[in-house]
Amino acid sequence: APPVRVASLTTEPADPAALEPGPFIEIDASFTPLTLDQVEELFGHRRVGPWAVTVSRTAGRRVLAELGAAPAHSQIVVVADGQKGDVAIVNQVAYIERFDVESTSTATIGDPIIGVASDGIEVTFVGRIEGDRIALEIELAQSELQRPIQEVDVQLPGALNTATIHQPVTSQQNVKITPTVDGRTDVLIGVPLAGESRDILGGRIAATVRTAREGAATPGAVND
């Protein structure tokens with residue numbers, strides 16, 4: 001059977017008890033692929049390697065739209081001061097990992113064991129309130145599954161014909177940035193995509209201090 005892809009998005013829920021008294025941090029994060037031409041238009045040159053720049057909030061919201069790069073994924077995560085929040089945007093691919101073989105005096109039966117390979121992005125946010133500013137720790141893990149998944153024919157014990165299994169190969173990179181923002185600034189980030197693609201994973205991240213009385217997004221909520 002061919003591999004099956006399933007897209008999923010998960011987030012770590014916030015602790016309601018920690019958020020109830022406030023203040024808490026609302027993190028608005030959006031991600032979209034950018035081409036090298038779009039990066040050159042943004043910076044005036046083809047910037048290589050991971051990068052992060054702090055811009056005004058108005059510019060942060062405008063610049064990606066001007067590049068024609070509508071966010072492919074957008075989430076809002078609400079966390080307490082110093083608490084970790086996780087977002088994962090993942091493709092999952094089912095594949096035949098191996099066969100369990102059972103032999104009798106008359107037949108050999110190979111039972112396929114299904115594994116799951118995944119790729120995508122996983123982002124961890126930690127925000128600490130420092131007066132009217134927020135010190136962010138952002139750790140981004142981005143992985144790319146090589147496609148098509150390599151197929152290998154194997155000979156099962158006692159079987160007359162070969163069976164096919166899959167051997168997934170994944171490239172992964174990890175990036176950590178520590179920007180400081182306030183209610184008037186955003187962070188634009190860029191991470192070269194793992195694997196053979198020459199595109200850049202672009203992102204806009206805004207963080208805002210909220211109080212429980214402001215009626216901000218539901219704690220732990222994610223919008224996509």
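In what follows, the structure referred to is the one given above.
Residues numbered from 1 in each chain as written. Predicted model: local features only at pLDDT ≥ 70, side-chain atom pairs only at ≥ 80, totals over all residues. Heavy atoms only, no water.

A. Here's a closer look at the sheet that holds strand β3 (residues 51–56). One open sheet holds the five strands; their spatial order is β3-β12-β13-β2-β4, and the pairing between them is antiparallel. The open sheet has two edge strands with one neighbour each: β3 and β4 (73–80). Across the sheet, the mean angle separating the axes of adjacent strands is 20° when strand polarity is ignored. Bridge count for β3 against strand β12 (residues 185–192) is six bridges, and the pairing is antiparallel. Paired with Thr-54 across the bridge in β12 is Val-187. (Pairing = 2+ DSSP bridges. Helix = DSSP H or I, 4+ residues; strand = E, 2+ residues; numbered from the N terminus. Axes fitted to C-alpha atoms, helices over the stretch in contact; angles between N-to-C directions.)

B. Local environment of the side chain of Asp-182. Among the secondary structure elements, Asp-182 is positioned in strand β11 (residues 180–182). By relative accessible area, Asp-182 is classed as buried at 6%. Among the polar contacts made by the side chain of Asp-182, one reaches the main-chain amide nitrogen of Arg-184 at a distance of 2.8 Å. For Asp-182, the residues in contact, after removing those within four places along its chain, are Arg-57, Asp-132, Arg-133 and Ala-207. (Buried < 20%, exposed > 50% of the residue type's maximum accessible area, 1.4 Å probe, protein only. Polar contact = N/O pair within 3.5 Å; in protein donor to acceptor, adjacent residues only side chain to side chain. Contact = heavy atoms within 4.5 Å.)

C. How the structure looks around the nonpolar core. Membership of the largest hydrophobic core comes to 25 residues, with the highest contact counts inside it found for Ile-27, Phe-31, Phe-125, Leu-136 and Ile-205. Elements represented by at least two residues in this core include exactly β2 (24–34), β4, β5 (84–103), β6 (108–130), β7 (133–145), β10 (170–177), β12 and β13 (200–210). (Core = buried A, V, L, I, M, F, W, Y, C linked by side-chain atoms within 4.5 Å.)

D. Inspection of unusual backbone geometry at higher detail. Here the amide bond leading from Arg-147 into Pro-148 is cis, since omega sits at 0°, within 30 degrees of zero. Mapping Pro-148 onto the fold places it in the loop between β7 and β8 (150–155).

E. Broad picture of helix α2 (residues 36–43). Listed as buried for α2 are Leu-36, Gln-38 and Val-39. Along the axis of α2, the buried residues cluster in a sector spanning 155°; they form a single face. At the C-terminal side of α2, Gly-44 shows a positive phi close to 90°. (Arc of directions from axis to C-beta.)

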